[in-house]
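Read off the chains here:
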Amino acid sequence: MSTFSVINPATSEIAGEAPDCTRAELDAMVAAARGAQPGWAALPVDERRKYLHAIADVIDANVAELARLVTLEQGKPESVATEEVAGLSYWLRETAKLDLPVTVNQDDDERRSVTEHVPMGVVAAITPWNYPLGQLSFKLGPALLAGNTVIVKPSTFTPLSSLRLGELLRDVLPAGVVTVVTGGDDLGPWVSRHPGIDKISFTGSTRTGRDVMAGAGASLSRVTLELGGNDAAIVLPDVDVDEVAGKLFWAAFSNAGQICLATKRLYLHTDVYDRIAARLVELAGKTKLGPVSNHRQYDTVIDLLRDCRDNGYDILTGGPAEGLFVRPILIGNPPEDARIVQEEQFGPILPLLKFDDVEDAIQRANAVEYGLGASVWSADPDAALAVARRLEAGTVWVNEVMHLSPLVPFGGLKQSGIGVESGVAGLLEFTERRTITVKR
Ligand code: NAD
């Protein structure tokens, strides 16, 4: 089998090799997943719950190794990678508690009509490189619990941790229930256009999401699309600057800014702009982030920085360091139509934007094609809530950001996606409805 090299972003050296699957090999994997699916779906749901715990157990027993692989291929510190891997097992255990609802539509002398949720068949889980295993938290447990078999297609940049997980699961699950497939740039389109795949659960960029949806159209495969974001944080004038500055910094720069729900535009009221900007500059000077995860994303970040420089915007701090490392970059009050405001940076560069009137901030926050997340910061929760209700985003946080839970559905509005992940609503995305009506 031919392979491709995976690069360690911290050293730019080869971190490992991954199989470069051919179309015929993918076909064989899909056939095996189809073969395994009826038996998996026929298990009582409580058996599948036990399997979810068994997967979580094997992840827990191998956290250190899986986290090391995430660090090697993605670049985040091992402590953060450990949290990511532990999060996957936590999510599996919490997902195992969910129930598929059954709705009784009619139950009288004439007939009994019941709608239940049945599996879709074979699910493809296509994941991005920012959280190679974390992104599976939202897909693997719900898809399996609902009675589907799963083909995991990790990013070409970060296949190693998923491959190792697939190996570990061979000892836990019946053959064909979870398969990990890796390959080059052709593989994603092969998967999203595959007639043997019933559902594509995709997380990645909006541009790729459009292609996935177009490809899925050929066989009417179902899709859930978790796509890009350009999340605004709106900071009202009454905040405690000392308290919020650190939170706002990490809202933007956790995982070197490579989080779909990271704060990507920071709207600061004029009354607090200078003080918060000064605190952020201070924090940026003291903080060493992990590397940007790959050359493609590094080029995007540096191109945006170059655009800021070419247009004479105020670069308050930061810039490229050695290799793929970047010191946190803050851009002072660029115009609203600047590329750094309108485009998703997905990296360690953040525009700080001034506003006087909260109406203006709301209008600017909403005036992008994305609608993933947003946050509002204030000492007055009611005032913050009134702003939150007017923001066009799938999730709006007040006085925090990026908090996710296995019980809470999240997903994007507008060009940030279709459908949701997590919670019962996220579980139902891996099912079809079947209504059975009995005439009396
Ligand atoms: P990407 O779209 O380049 O790739 C995502 C996945 O799709 C990878 O596995 C890739 O190999 C595969 N792929 C590439 N082309 C494909 C095609 N034509 N058909 C099918 N699959 C294809 O995204 P990325 O650069 O890996 O991730 C960064 C993006 O993901 C950012 O835009 C970020 O906001 C977004 N993201 C969204 C969420 C969310 O929950 N909404 C979470 C994390 C990341």
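Placed above this text is the structure.
Residues numbered from 1 in each chain as written. Predicted model: local features only at pLDDT ≥ 70, side-chain atom pairs only at ≥ 80, totals over all residues. Heavy atoms only, no water.

A. Representation of the overall build of the chain within the structure. In terms of helices and strands, the chain carries 15 helices and 20 strands. For 440 residues, the compact-globule estimate of 2.2 N^0.38 gives 22 Å, and the chain sits close to it at 23 Å. The principal-axis extent of the C-alpha atoms belonging to the chain is close to 70 × 60 × 40 Å. Relative to its full complement of 440 residues, the chain shows a buried share of 56%. Considering only residue pairs separated by 6 or more positions, the chain has 72% of its internal contacts joining residues 24 or more positions apart. Total accessible area on the chain stands at roughly 17700 Å², and carbon and sulfur atoms take up 52% of it. (Helix = DSSP H or I, 4+ residues; strand = E, 2+ residues; numbered from the N terminus. Rg over C-alpha atoms; globule rule 2.2 N^0.38 Å. Buried < 20%, exposed > 50% of the residue type's maximum accessible area, 1.4 Å probe, protein only. Contact = heavy atoms within 4.5 Å. Areas by Shrake-Rupley, 256 points an atom, 1.4 Å probe, with all protein chains shown as cover.)

B. Looking closely at the pairing of strand 17 (residues 395-398). The alternating pattern of strand 17 places Thr395 and Trp397 on a buried face and Val396 and Val398 on a face that is not buried. Pairing of strand 16 (residues 373-377) with strand 17 involves 4 bridges; the strand directions are parallel. Bridge pairing in strand 17 links Gly373 to Thr395. Taken together, strand 16, helix 14 (residues 381-388) and strand 17 form a β-α-β motif whose crossover is right-handed. (Pairing = 2+ DSSP bridges. Right-handed = clockwise from strand over helix to strand, strands pointing away.)

C. Representation of the site of the ligand in the model. The ligand sits among 30 residues. The nearest are Thr127, Lys153, Thr208, Arg296 and Glu344. Here an oxygen atom of the ligand and a backbone polar atom of Thr127 are 2.7 Å apart. Pro189 places a polar main-chain atom, nitrogen or oxygen, 3.4 Å from a nitrogen atom of the ligand. Here the ligand loses 91% of its free accessible area of 850 Å² to cover by the protein chains. When contributions to the shell around the ligand are tallied by element, the ones reaching two or more residues are helix 7 (187-192), strand 8 (199-203) and helix 8 (206-217). When the residues that make up the shell around the ligand are grouped by side-chain class, the tally is 12 nonpolar, 13 polar and 5 charged. (Near = heavy atom within 4 Å. Polar contact = N/O pair within 3.5 Å; in protein donor to acceptor, adjacent residues only side chain to side chain. Nonpolar A, V, L, I, M, F, W, Y, C, P; charged D, E, K, R; others polar.)

D. Expanded view of helix 8. When the terminal C-alpha atoms of helix 8 are compared, their 17 Å separation across 12 residues agrees well with the 16 Å that a helix rising 1.5 Å per residue should span. Restricting attention to buried positions, one finds in helix 8 the residues Thr206, Gly209, Val212, Gly215 and Ala216. Those residues of helix 8 that are buried are in contact with helix 7, strand 8, strand 9 (222-226) and strand 15 (370-371). (Expected span 1.5 Å × (residues − 1).)

E. Expanded view of the pattern of salt bridges. Counted by the stated rule, this structure contains 31 salt bridges. Taking the shortest distance from any N to any O, the salt bridge between Lys247 and Glu243 comes out at 3.6 Å. Of this pair, Lys247 and Glu243 both sit in helix 9 (residues 241-253), separated by 4 residues, roughly a single helical turn. Note that Arg339 is salt-bridged to Glu343, the shortest N-O span being 2.8 Å. (Salt bridge = Lys/Arg side-chain N within 4 Å of Asp/Glu carboxyl O.)

F. Seen up close, the sheet that holds strand 5 (residues 122-126). The strand order 7-6-5-8-9-19 describes an open sheet built from 6 strands, whose pairing is mixed. In this open sheet, the two edge strands, each paired with only one partner strand, are strand 7 (178-180) and strand 19 (417-418). Pairing of strand 5 with strand 6 (residues 149-153) involves 5 bridges; the strand directions are parallel. Looking at strand 6, one finds that Val123 is bridged to Val150. Helix 8 rests against strand 8, strand 9 and strand 19 of the sheet, and its axis sits at about 180 degrees to strand 9. (Axes fitted to C-alpha atoms, helices over the stretch in contact; angles between N-to-C directions.)

G. The packing of helix 3 (residues 63-74) against helix 6 (residues 160-170), seen in detail. Direction vectors running N to C along helix 3 and helix 6 enclose 155 degrees, while the axes themselves pass 8 Å from each other. Here helix 3 is positioned roughly antiparallel relative to helix 6, judged by the angle of their axes. Note on element contacts: helix 6 touches helix 3 through Leu160, Ser161, Arg164, Leu165 and Leu168, opposite Glu65, Leu66, Leu69, Val70 and Glu73. Per-class residue counts for the contact of helix 3 with helix 6 are 6 nonpolar, 1 polar and 3 charged. (Parallel < 35°, antiparallel > 145°, perpendicular 65-115°, else oblique.)

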